[in-house]
Amino acid sequence: MPTPAWQALGMHPNAERVQQALRDGGASAIVVELAAAATTALLAAEALGVTVGQIANSLVFVADDEPIMVLTSGANRIDTAKVAQLLGKVRVGRADPETVRAATGYPIGGVSPVALATTLPVLIDRDLESYDAIWAAAGTPHTVFRSTYAELTRLSGARPADVRRD
């Protein structure tokens, strides 16, 4: 199979968009390209040599017909009833791949919490605060960036919340 043009030239356009947003936001983070796709928190943690809890999953849901994002520790599962209550919504469910791409500009497995295609309400799992370093997707299943809880909260415009399923 031929090499995609973007690989021959450098970073994927999605990853470049994320890198620019990081720079514009005053972050020193650098987008890193992984050798293999990391479409799950476990795969990303293994590729990076970190705990699965240090992976910030960018999950898109639909809350009463409105796309929202929840950034959660890869070690946790989301309690959609808590999310609905926090946002004053009745129903919260997983978004389909088309909704995810339309709302974020990224494919499932590579959804970055920054440089989104649309403005979304974003919640961030308070459990991520316990880690000195956390890693988030950078627009493709092959790219990630390192950040901190405070920085990721600021860059994504997220509201800290307890979203973990007990």
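Residues numbered from 1 in each chain as written. Predicted model: local features only at pLDDT ≥ 70, side-chain atom pairs only at ≥ 80, totals over all residues. Heavy atoms only, no water.

Enquirer: So what's going on with the pairing of strand S2 (residues 55-63)? Residues and values would help.
Expert: By the criterion of burial, S2 is predominantly enclosed, with 8 of the 9 residues buried. Judged from the 2 bridges that link them, S2 and strand S6 (residues 134-137) form a sheet pairing that is parallel. In the strand pairing of S6, alanine 56 is matched with alanine 136. The pairing of S2 with strand S3 (residues 66-73) spans 8 bridges and is classified as antiparallel. By the bridge assignment for S3, valine 62 is matched with proline 67. As defined by bridge partners, S2 adjoins strand S4 (residues 92-94) across 3 bridges and the pair is classed as antiparallel. Each bridged residue has a counterpart across the sheet, and for phenylalanine 61 the counterpart in S4 is arginine 94. (Buried < 20%, exposed > 50% of the residue type's maximum accessible area, 1.4 Å probe, protein only. Helix = DSSP H or I, 4+ residues; strand = E, 2+ residues; numbered from the N terminus. Pairing = 2+ DSSP bridges.)

Enquirer: Give a detailed account of the pattern of salt bridges, specifying residues and quantitative values.
Expert: All told, the structure shown has 5 salt bridges when counted by the stated rule. The residue aspartate 162 makes a salt bridge to lysine 82 at a minimum N-O spacing of 3.3 Å. Placement of the pair is aspartate 162 in the segment after strand S8 (159-161) and lysine 82 in helix H4 (residues 80-87), with a sequence separation of 80 residues. You can call aspartate 162 partly exposed: its relative accessible area is 40%. Given a relative accessible area of 17%, lysine 82 falls into the buried group. For the salt bridge of aspartate 166 with arginine 164, the shortest nitrogen-to-oxygen distance reads 3.9 Å. (Salt bridge = Lys/Arg side-chain N within 4 Å of Asp/Glu carboxyl O.)

Enquirer: With reference to specific residues and values, describe helix H3 (residues 41-48).
Expert: Looking at H3, one finds that the buried residues are Ala41, Ala44 and Ala45. Relative to the axis of H3, the buried residues are bounded by an arc of 100 degrees and lie together on one face. Within H3, the exposed residues directed more than 90 degrees away from the buried face are Leu42 and Glu46. Where H3 is buried, its residues touch S2. (Arc of directions from axis to C-beta. Contact = heavy atoms within 4.5 Å.)

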